[in-house]
4 protein chains.
Amino acid sequence: MKQYRVLIDAHDEKGLVYKVSSIFYKFNLNILSNHEFVDKVNNKFFMRSVVVGDVSEIELYEALTEVLPKKANINVITPKKKNIILMATKESHALGDILMRYEADELDANILAVISNYDDLRDLVERFGITYHHVFHEGLDRAEHENKVLELLAQFEDIDYVVLAKYMRILTPRFVEEYNNKIINIHHSFLPAFIGANPYKQAYDRGVKIIGATAHFVNNNLDEGPIIAQDIRHIDHAFDWKDMQRLGKDVEKIVLSRALKLALEDRIFVYANKTVIF
Amino acid sequence: MKQYRVLIDAHDEKGLVYKVSSIFYKFNLNILSNHEFVDKVNNKFFMRSVVVGDVSEIELYEALTEVLPKKANINVITPKKKNIILMATKESHALGDILMRYEADELDANILAVISNYDDLRDLVERFGITYHHVFHEGLDRAEHENKVLELLAQFEDIDYVVLAKYMRILTPRFVEEYNNKIINIHHSFLPAFIGANPYKQAYDRGVKIIGATAHFVNNNLDEGPIIAQDIRHIDHAFDWKDMQRLGKDVEKIVLSRALKLALEDRIFVYANKTVIF
Amino acid sequence: MKQYRVLIDAHDEKGLVYKVSSIFYKFNLNILSNHEFVDKVNNKFFMRSVVVGDVSEIELYEALTEVLPKKANINVITPKKKNIILMATKESHALGDILMRYEADELDANILAVISNYDDLRDLVERFGITYHHVFHEGLDRAEHENKVLELLAQFEDIDYVVLAKYMRILTPRFVEEYNNKIINIHHSFLPAFIGANPYKQAYDRGVKIIGATAHFVNNNLDEGPIIAQDIRHIDHAFDWKDMQRLGKDVEKIVLSRALKLALEDRIFVYANKTVIF
Amino acid sequence: MKQYRVLIDAHDEKGLVYKVSSIFYKFNLNILSNHEFVDKVNNKFFMRSVVVGDVSEIELYEALTEVLPKKANINVITPKKKNIILMATKESHALGDILMRYEADELDANILAVISNYDDLRDLVERFGITYHHVFHEGLDRAEHENKVLELLAQFEDIDYVVLAKYMRILTPRFVEEYNNKIINIHHSFLPAFIGANPYKQAYDRGVKIIGATAHFVNNNLDEGPIIAQDIRHIDHAFDWKDMQRLGKDVEKIVLSRALKLALEDRIFVYANKTVIF
């Protein structure tokens with residue numbers, strides 16, 4: 001008995017659920033969970049099913065291809081540990097939260113390596129038996145530094161996700177394109193408020209009563225990629241921006257880990273600069 | 001073109017989604033939304049679909065009956081305003097919130113009447129053009145008073161829901177049976193904490209840092225019916241129980257109105273003393 | 001025995017708490033509650049005390065004036081119902097929430113009148129025994145219309161707060177100056193995200209996973225006045241902007257009513273485009 | 001210049017703030033923050049001030065003693081790292097969260113040791129340079145096992161707090177008395193709901209729509225000690241109790257770490273089985 005995650009998105013039309021479920025029925029598959037959504041504005045259909053049964057991945061894929069519209073995107077995925085790269089700078093809270101879940105075997109992923117533009121986190125990372133790469137940025141321009149990172153990444157096969165666990169450098173379009181919808185970032189504000197640098201400082205200056213964090217896929221517009229998860233904490237006037245930052249770290253790490261979990265479980269569709277999450 | 005809400009629950013078995021969607025396909029219906037859930041512990045299947053097309057309610061029902069297991073519960077519902085009775089005692093916040101939504105035409109319901117064991121809220125209710133029935137309880141035992149309420153209710157045809165908007169009397173099993181899974185109550189605590197009288201007083205004495213409210217269907221065990229919706233507010237030591245009560249009212253009214261909305265939109269399945277909500 | 005709310009803000013220096021409390025002690029006052037805050041960035045001291053005892057307002061004020069720095073702002077307030085004007089457009093949820101609290105005698109205010117640029121809400125408002133003024137804006141430019149509103153407001157003595165309960169017109173600097181820090185607005189987004197028109201539409205387009213509402217004092221920069229209260233609700237991809245709007249109304253009305261309560265209880269200090277709230 | 005945290009609680013009477021602040025003024029101290037609260041039910045006064053200046057701890061203490069009522073509790077605390085013992089069983093999330101904060105130097109504490117009734121977490125703990133004590137419980141009755149733990153604890157001087165980071169054994173009254181108001185536990189439910197074993201299982205069976213976690217001081221009644229912090233997450237019918245447990249871990253660890261931070265900063269007063277937290 002095998003288990004598959006079947007992800008389908010297509011231009012909406014009548015009969016899609018019927019067609020997909022008829023294939024499941026034909027192969028005598030048991031549906032463990034099933035989610036559908038139709039975006040009526042864009043006339044777009046999304047479906048994610050988890051099925052169990054006795055059929056090969058390729059058979060199932062081909063059968064679905066046959067009944068579904070030509071332009072439908074069909075993914076038949078055998079659940080397995082995904083390969084991820086973590087990138088960080090100096091702060092350890094978001095990275096550490098992921099490392100702890102990894103240690104507890106609660107993260108469905110192989111951490112291939114941690115890459116940082118500083119050496120500060122090496123000791124922590126290596127304790128978890130994970131390779132740490134310090135890629136210097138001093139004396140290099142953005143492109144030069146990033147080339148070194150990209151060269152390093154190129155040595156790994158099958159990177160499923162690059163997780164920016166408080167990696168404090170902006171990626172160039174080249175990087176983003178190469179890992180399209182594979183780079184997950186945590187931004188330390190409730191986007192789209194406080195885009196850019198020092199969001200807690202900005203929040204302090206604005207006198208907000210709530211701070212937040214946003215996990216999103218990275219695209220070419222700073223902090224404007226598709227949002228995966230957000231959460232907030234209430235604050236009051238007694239919080240200076242350092243207090244906000246301290247409290248904010250707890251939100252950041254939980255939101256990033258939640259977004260990563262959703263990605264590892266193949267629950268996210270990206271389209272129109274948004275996400276559909278089942 | 002007609003719209004239907006199709007609600008199905010059944011013992012789980014393979015092919016249910018296929019069978020239902022094949023009927024939708026056969027009748028050329030457009031699926032506006034579709035939700036399924038399988039409770040693996042109880043092996044129970046739940047499905048709610050909203051479909052649009054050119055078929056009669058009875059045709060659709062019969063076609064589904066034909067393909068689904070004999071014991072399946074099948075509901076084909078034409079969306080329309082449901083008939084509700086509101087019951088209250090002296091407090092106006094929960095009742096008032098529903099009245100305001102009614103006034104704004106945001107409540108998909110006809111309010112047949114408001115019934116109270118006091119006369120305090122008459123003036124408010126009548127301003128909204130709604131009949132107010134004061135059913136005395138002074139000098140009557142519980143059964144006697146309730147009989148008067150039941151007699152009054154019996155005069156209304158087709159009551160879909162009885163909404164206890166802070167009705168501060170306990171219903172007898174007879175009442176509960178007569179309106180099984182049709183009575184929605186708001187309890188002013190985060191159930192199952194603080195069952196019974198004076199939950200804010202209990203919460204104060206316990207020194208909790210959070211208060212809550214719970215909307216639930218009423219069954220024969222006090223405050224133990226199937227939960228529909230819950231929400232909370234953070235508090236601190238400076239809240240005495242009157243402060244908790246004041247803050248709690250905001251939670252209560254929103255939670256009750258949310259639960260009522262879910263019921264009016266036929267989104268709730270009840271089973272095993274729980275709810276499945278799509 | 002009289003009760004006073006004493007509000008003091010001043011440039012911070014040593015001994016302020018001592019000086020204030022020495023006056024309370026001298027007059028044999030009982031302190032019911034006491035809050036202080038020092039903004040270290042601006043070196044600003046804030047204090048709010050509620051005291052009970054046998055002293056006149058003027059005596060207490062003068063005694064405090066004597067011991068405190070010349071530039072200190074000192075307010076000795078006898079708690080009483082404040083006078084408020086409500087302004088609305090067509091939507092009733094925020095206005096209605098305030099009316100219901102008023103009806104339940106939970107609002108420490110006299111509602112002098114409701115002013116709207118439409119006539120839609122007249123019937124609702126008049127049911128509560130409150131005067132409704134419809135000030136047309138059709139065919140008038142912003143200044144002309146606002147002059148009519150200002151003329152109307154000028155007829156009321158002692159307006160403590162003007163509450164914009166979803167009043168959908170922008171006020172001119174003249175209006176704002178005349179009622180400086182007295183105008184409370186509810187903006188239907190988590191500011192500073194989605195400033196301006198149609199925030200729910202903006203939020204939908206951005207694909208956020210949280211929506212919010214912000215109550216703030218109005219200043220001359222649109223949606224940039226000092227924030228009083230904010231709250232949020234989690235949403236998902238299935239919310240279109242109408243759904244967001246519907247859910248958002250519940251947040252808006254609760255946040256506005258909370259902000260109004262804080263104002264009516266003299267709990268808010270405004271400075272540096274922020275609020276300190278005790 | 002020295003900094004002190006001054007914590008005072010006493011039977012309430014007039015002039016307490018005056019008397020305390022007169023001492024601060026006399027010693028020319030700068031007040032960094034100041035919080036007071038009067039519990040009117042118990043007629044109890046609480047005050048926490050952070051002051052900076054040139055005075056010795058003993059001088060300040062004695063001056064306060066002189067002016068305050070005899071029965072007042074007065075604590076003048078020089079901020080420094082507190083000594084803590086962590087106790088755990090097999091789960092790593094709560095423990096790991098504290099270790100990570102310790103590593104990042106965000107925890108104002110020395111971790112003297114980790115004690116567990118299993119050996120599972122040894123490797124993780126030792127990576128952080130912390131001593132791990134495995135105290136077997138197999139074949140021992142509760143008292144025997146606890147004696148071994150108490151003997152071990154007796155070897156450490158000046159334990160400020162014992163933190164039960166998911167330590168899954170019930171402590172005897174003897175243990176609790178010995179570390180009165182020094183033992184912080186995290187209970188994996190929103191207390192007082194779901195006291196006792198398997199709260200997530202209980203929550204699943206009850207069909208709640210919210211799960212929570214509660215950090216509290218341990219007293220002799222299981223899960224009934226003074227509550228320090230609580231938080232919640234919304235869930236729906238699709239969560240089985242394993243899912244609740246998984247999600248719950250995120251709440252548990254954050255709530256425990258928050259409670260520990262409050263304790264380490266001397267922000268908590270305990271009385272009447274409750275906490276006052278500044």
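So, how was this worked out
- Residues numbered from 1 in each chain as written.
- Chains lettered and ligands numbered in written order.
- Predicted model: local features only at pLDDT ≥ 70, side-chain atom pairs only at ≥ 80, totals over all residues.
- Heavy atoms only, no water.
- Helix = DSSP H or I, 4+ residues; strand = E, 2+ residues; numbered from the N terminus.
- Rg over C-alpha atoms; globule rule 2.2 N^0.38 Å.
- Buried < 20%, exposed > 50% of the residue type's maximum accessible area, 1.4 Å probe, protein only.
- Contact = heavy atoms within 4.5 Å.
- Areas by Shrake-Rupley, 256 points an atom, 1.4 Å probe, with all protein chains shown as cover.
- Lys, Arg positive; Asp, Glu negative; His and termini not counted.
- Charge placed at Lys NZ, Arg CZ, Asp CG, Glu CD.
- Domains from an automatic or database assignment.
- Buried area = accessible area lost by both parts, 1.4 Å probe.
- Axes fitted to C-alpha atoms, helices over the stretch in contact; angles between N-to-C directions.
- Parallel < 35°, antiparallel > 145°, perpendicular 65-115°, else oblique.
- Left-handed = near helix turned anticlockwise from the far one by under 90°.
- 1 Å grid on protein atoms, 1.4 Å probe; cavity = no way out; pocket = protein on both sides within 12 Å on 5 of 7 lines; lining within 4 Å.
- Points joined across faces, edges and corners; volume = space filled by probe spheres on them.
- Nonpolar A, V, L, I, M, F, W, Y, C, P; charged D, E, K, R; others polar.
- Salt bridge = Lys/Arg side-chain N within 4 Å of Asp/Glu carboxyl O.
- Polar contact = N/O pair within 3.5 Å; in protein donor to acceptor, adjacent residues only side chain to side chain.
- Least-squares fit on C-alpha atoms with pLDDT ≥ 70 in both.
- Pairing = 2+ DSSP bridges.

We now examine the overall build of chain A. A tally of helices and strands in chain A yields eight helices and 13 strands. What you see for chain A is a C-alpha radius of gyration of 21 Å, in line with the 19 Å of a compact globule of 278 residues. Overall, the C-alpha framework of chain A stretches about 60 × 40 × 35 Å when taken along its three principal axes. In chain A, buried positions account for 59% of the 278 residues. If you take every contact in chain A between residues at least 6 apart in sequence, the share linking residues at least 24 apart comes to 66%. By element, 46% of the accessible surface of chain A is carried by carbon and sulfur atoms, the whole surface being about 11,100 Å². Within chain A, one finds 35 positive and 41 negative side-chain charges whose respective centroids are separated by 4 Å.

Right, let's get into the domain arrangement of chain A. Residue and element names in this part refer to chain A. If you check the domain split of chain A, you get domain 1 (2-77) and domain 2 (82-277). One C-alpha centre belongs to domain 1, the other to domain 2; they are set 32 Å apart. Of the residues lining the interface, 12 residues belong to domain 1; the matching set on domain 2 comes to 10 residues. In terms of surface lost to domain 2, no three residues of domain 1 exceed Arg5, Phe46 and Arg48, which account for 51% of the buried area on that side.

Attention now moves to the packing of helix α7 (residues 199-206) of chain B against helix α8 (residues 241-264) of chain B. For any two helices packed against each other, the geometry comes down to the angle between their axes and how far apart the axes lie. Residues and elements named next belong to chain B. One can describe the packing of α7 onto α8 by two numbers: an axis separation of 9 Å at closest approach and a directional angle of 125°. Taken together, the axes of α7 and α8 lie oblique to each other. Note on packing geometry: the crossing formed by α7 with α8 is right-handed. Residues Tyr200, Lys201, Ala203 and Tyr204 of α7 form the contact with α8, whose participating residues are Trp241, Met244, Gln245, Gly248, Lys249 and Glu252.

Residue and element names in this part refer to chain D. For the second largest pocket, the calculated volume is near 710 Å³. Put simply, the parts of the chain that give the lining of the second largest pocket at least two residues each are β1 (2-11), β3 (44-53), β4 (73-77), β5 (82-88), α8 (241-264) and β12 (268-271). Its residues assigned to classes, the lining of the second largest pocket shows 10 nonpolar, six polar and 10 charged. Two domains each donate at least three residues to the lining of the second largest pocket, and these are domain 1 (2-77) and domain 2 (82-277).

On to the pattern of salt bridges. Per the stated rule, a full pass over the model turns up 84 salt bridges over all chains. Asp250(D) is the salt-bridge partner of Arg101(A), the closest N and O atoms lying 2.9 Å from each other. You can see Arg101(A) sitting in helix α3 (residues 93-103) and its partner Asp250(D) sitting in helix α8, one on each of two chains. For the pair formed by Arg101(A) and Asp250(D), the shared burial category is buried. With a closest N to O distance of 2.7 Å, Arg246(C) and Asp243(C) form a salt bridge. Highlighted residues: Arg246(C) and Asp243(C), both in helix α8 (residues 241-264), separated by three residues, approximately one helical turn. A residue is classified by how much of its surface remains accessible, and Asp243(C), at 23% relative accessible area, is partly exposed. Connected through salt bridges with shared partners, the residues Glu91(A), Lys166(A), Lys249(A), Glu252(A) and Glu106(D) form a single ionic network.

Contacts between chain C and chain A engage 33 residues on the former and 33 residues on the latter. Overall, the association of chain C and chain A removes approximately 2,700 Å² of surface from exposure, summing both partners, and the carbon and sulfur fraction of that is 61%. It is Arg206(C), Lys209(C) and His237(C) in chain C that bury the most area against chain A; as a group they hold 26% of the surface buried on that side. Where chain C packs against chain A, one counts zero salt bridges. Counting the contacts that link chain C with chain A gives 18 residue pairs in polar contact (both at pLDDT 80 or more).

With that settled, the discussion passes to the relation of the copies chain C and chain A. When chain C is fitted to chain A, the residual RMSD is 0.0 Å, and the transformation amounts to a turn of 180° plus an axial shift of 0.0 Å. Such values leave the two copies arranged in the relation of a two-fold axis. Measuring from the rotation axis to each C-alpha of chain C, the shortest distance belongs to Ala193(C), at 2.2 Å. When the interface residues of chain C are mapped onto chain A, 100% of them again lie at the interface, so the same face is used by both copies.

The interface is formed by 19 residues belonging to chain D together with 19 residues belonging to chain A. When residues of chain D are sorted by the area they lose upon contact with chain A, Met100(D), Arg127(D) and Ile254(D) head the list and together hold 33% of the total. Taken together, the links from chain D to chain A amount to eight salt bridges. Counting across the chain D and chain A interface gives nine residue pairs in polar contact (both at pLDDT 80 or more). Listed by contribution, the elements that provide at least two residues to the side of chain D that touches chain A are α3 (93-103), α4 (122-127) and α8 of chain D. For the side of chain D that touches chain A, the residue count by class is six nonpolar, two polar and 11 charged.

Residues and elements named next belong to chain B. Inspection of the secondary structure puts Ser257 in helix α8. Among the residues examined, Ser257 registers a relative accessible area of 5% and is labelled buried. Every residue in contact with Ser257, bar those within four places of it in the chain, is listed here: Asp97, Ile98 and Arg101.

Our focus in this paragraph is the relation of the copies chain D and chain A. Copies of the same chain, two in number, are related to each other by a rotation about an axis and a translation along it. Mapping chain D onto chain A calls for a rotation angle of 180° and an axial translation of 0.0 Å; the resulting RMSD is 0.0 Å. When the interface residues of chain D are mapped onto chain A, 100% of them are again interface residues, pointing to one common binding face.

So, on to the sheet that holds strand β5 (residues 82-88) of chain C. Residues and elements named next belong to chain C. In spatial order, the strands read β7-β6-β5-β8-β9-β10-β11; together these seven strands make up an open sheet with mixed pairing. Two strands bound the open sheet, and with one partner strand each, they are β7 (132-134) and β11 (227-234). Along the sheet, successive strands turn relative to each other by an average axial angle of 20°, direction set aside. Where β5 and strand β8 (residues 161-164) come together, four bridges link them in parallel fashion. Across the sheet, Ile85 pairs through a bridge with Val162, a residue of β8. Seen against the sheet, α8 touches β5, β6 (109-116), β8, β9 (183-187), β10 (210-217) and β11 and runs at an angle of roughly 150° to β11.

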